[in-house]
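Remarks on the overall topology
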Amino acid sequence: MAKELAEKAKEAFLDDDFDVAADLYSKAIDLDPSCASFFADRAQANIKLLNFTEAVADANKAIELEPTLAKAYLRKGTACMKLEEYATAKAALEKGASVAPNESKFEKMIDECNLLIAEEEKDLVQQVPPTLPSSSTTPLATAADAAPVPSPAPPAKPMFRHEFYQKPEEVVVTIFAKGIPKQNVNVEFGDQILSVVIDVAGEEAYHFQPRLFGKIIPEKCRYEVLSTKVEIRLAKAEIVTWASLEYGKGQALLPKPNVASAVSQRPVYPSSKPGKDWDKLEAEVKKQEKDEKLDGDAAMNKFFSDIYQSADEDMRRAMNKSFAESNGTVLSTNWKEVGTKKVESTPPDGMELKKWEY
């Protein structure tokens, strides 16, 4: 019966009916969950449906069931490239090439990965100021690292609430899972993917696998299982402000340079001339910034910037969360008010909130 469903799925795929194909492969998997080929073929259908994270999860399952299945590595490499996870894609393709050395597709895609990785590194070097750490220090995957890389698992119904806040160099994600044993929590990090799996007794496992807003440094990331929550710290590859936790929601912003700090850290050299009072100079710079007269949007931006700079940690978390969740229509400094609920969008009077259709 499972093979018959798989044959029908293949026919639907050839007819470009990818939704039907994915559904039929799912039914075949329900009947025979040990067949690696079913997972690899469903991964191909998910790629056509642009469900790339699900495709990676299916490919990983196929590889787990049958490590010599060449098409599983090909599917994983393809999906990871679509997700711009080029190092992960390259590692999978190199493993696939070792399994099927006569398959020319692997070599072509590996060459493409190398080109994209080089372009990505070049762009990062050009975009990041010299005073900020560059993500080019992040080690790239090689053939020696060809073991399966952390990737999303199939989606499940959320059972735990999560939230995040950020600092210049890291993003802190909190999952409110109370009383979960440490051994039941598995957290893995990719270049731009976070994978969290929590086993819950008597229920389906909790999965949280977002594609992150920006790239991270996996080896510097860490997590801690506490009595009331799981706290995950993501080390940013670039010191930029994330507009959201997940990819594609808003635009990253470079932090504003601290002029006063730069002035105060100037080196002092021996001189016969009277030394400058750097503390006084710093105070003058701050006074000039404070007294600067701005108009329109510039004045408004400076107003909110001053609030954020003088705010404590909870106020900053409240501002980031309310602004991101409300699509820029709400800015709250009360963490007790916004920390326990989602902040809904509130358009100005006389305006109507509309959702964009992609």
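Nothing here was measured: the structure is a model prediction, and the numbers come from that model.

To continue, consider the confidence of the model for the protein. For the protein, the average pLDDT comes to 79, and 75% of its residues sit at 70 or higher. Taken as a whole, residues 134-138 scores under 50 in pLDDT and shows 11 contacts with residues more than four places along the chain or in a different chain.

Moving on, we get to the nonpolar core. Phe38, Ala62, Leu69, Ala72, Met81, Leu93 and Phe106 are the most contacted members of the largest nonpolar core, which has 37 residues in total. Sorting the residues of this core by element identifies α1 (2-14), α2 (18-31), α3 (36-48), α4 (52-65), α5 (70-82), α6 (86-99) and α7 (104-127) as the ones contributing at least two each. With residues up to four places along the chain from it excluded, the contact list for Ala62 reads Ala36, Phe39, Ala40, Leu69 and Ala72. Counting residues in each nonpolar core, the second largest holds 30 residues, with Ala177, Phe189, Ile198 and Phe208 among its members.

The subject of this paragraph is a negative patch on the surface. Where like charges cluster on the molecular surface, the negative patch consists of Glu7, Glu11, Asp15, Asp16, Asp17 and Asp19. Its location among the elements puts Asp16 in the loop between α1 and α2.

This part takes up the sheet that holds strand β4 (residues 194-198). The antiparallel open sheet is built from three strands, whose spatial order is β3-β4-β5. On the outer flanks of this sheet lie β3 (185-189) and β5 (206-208), each paired with one strand and no other. Taking the axes of each pair of neighbouring strands and ignoring which way they run, one obtains an average angle of 10 degrees across the sheet. Two strands pair when backbone bridges link them, and β4 and β5 are joined in this way by three bridges, in the antiparallel orientation. The residue bridging Val197 from the neighbouring strand is His207, located in β5.

This part is about the packing of aromatic side chains. All chains considered together, the criterion is met by three aromatic pairs. With 5.2 Å between their ring centres and 65 degrees between their planes, Phe160 and Tyr206 make a pair best called edge-to-face. Here Phe160 is found in the loop between α7 and β1 (162-166), whereas its partner Tyr206 is found in strand β5, with 46 residues between them in sequence. An identical accessibility class is assigned to Phe160 and Tyr206; each is buried. An angle of 40 degrees between the planes, with centres 6.2 Å apart, marks the rings of Phe213 and Trp242 as tilted. In this pair, Phe213 sits in the loop between β5 and β6 (222-225) while Trp242 sits in the loop between β7 (230-235) and α8 (259-264), placing the two residues 29 residues apart along the sequence. Look at Phe213 and you get buried, because its relative accessible area is 11%.

Once that is clear, we can look at the sheet that holds β6. Overall, antiparallel pairing links the four strands, which are arranged β1-β2-β7-β6 in an open sheet. Every other strand in the sheet has two partners, leaving β1 and β6 as the edge strands with one partner each. Along the sheet, successive strands turn relative to each other by an average axial angle of 15 degrees, direction set aside.

Once that is clear, we can look at the packing of α1 against α3. Angle between the axes and distance between the axes are the two parameters that describe a pair of packed helices. Packing of α1 against α3 brings their axes to within 11 Å, and their N-to-C directions diverge by 25 degrees. Compared by their axis directions, α1 and α3 come out roughly parallel. For the crossing formed where α1 meets α3, the hand is left-handed. Contacts between α1 and α3 involve Ala2, Lys3, Ala6 and Phe13 from the former and Phe38, Gln44, Ala45 and Lys48 from the latter.

To continue, consider the pairing of β6. Where β6 and β7 come together, four bridges link them in antiparallel fashion. Each bridged residue has a counterpart across the sheet, and for Val225 the counterpart in β7 is Val230. Here β6 folds back onto β7 in antiparallel fashion, the turn holding four residues.

Counted under the stated rule, the structure contains 13 salt bridges. The salt bridge partner of Lys61 is Glu64, with a shortest N-O separation of 3.7 Å. Here the residue Lys61 and the residue Glu64 both occupy positions in helix α4, the gap between them amounting to three residues, near one helical turn. Residues joined by salt bridges that share partners form a network here, namely Lys167, Glu170, Lys229, Glu231 and Arg233.

Each value, and the rule that gives it
Residues numbered from 1 in each chain as written. Predicted model: local features only at pLDDT ≥ 70, side-chain atom pairs only at ≥ 80, totals over all residues. Heavy atoms only, no water. pLDDT = per-residue confidence, 0-100. Contact = heavy atoms within 4.5 Å. Core = buried A, V, L, I, M, F, W, Y, C linked by side-chain atoms within 4.5 Å. Buried < 20%, exposed > 50% of the residue type's maximum accessible area, 1.4 Å probe, protein only. Helix = DSSP H or I, 4+ residues; strand = E, 2+ residues; numbered from the N terminus. Patch = residues over 30% accessible without salt bridge, like charges linked within 9 Å, V, L, I, M, F, W, Y side chains within 5 Å. Areas by Shrake-Rupley, 256 points an atom, 1.4 Å probe, with all protein chains shown as cover. Salt bridge = Lys/Arg side-chain N within 4 Å of Asp/Glu carboxyl O. Lys, Arg positive; Asp, Glu negative; His and termini not counted. Charge placed at Lys NZ, Arg CZ, Asp CG, Glu CD. Pairing = 2+ DSSP bridges. Axes fitted to C-alpha atoms, helices over the stretch in contact; angles between N-to-C directions. Phe/Tyr/Trp six-rings, centres within 6.5 Å; stacked < 30°, edge-to-face > 60°. Parallel < 35°, antiparallel > 145°, perpendicular 65-115°, else oblique. Left-handed = near helix turned anticlockwise from the far one by under 90°.

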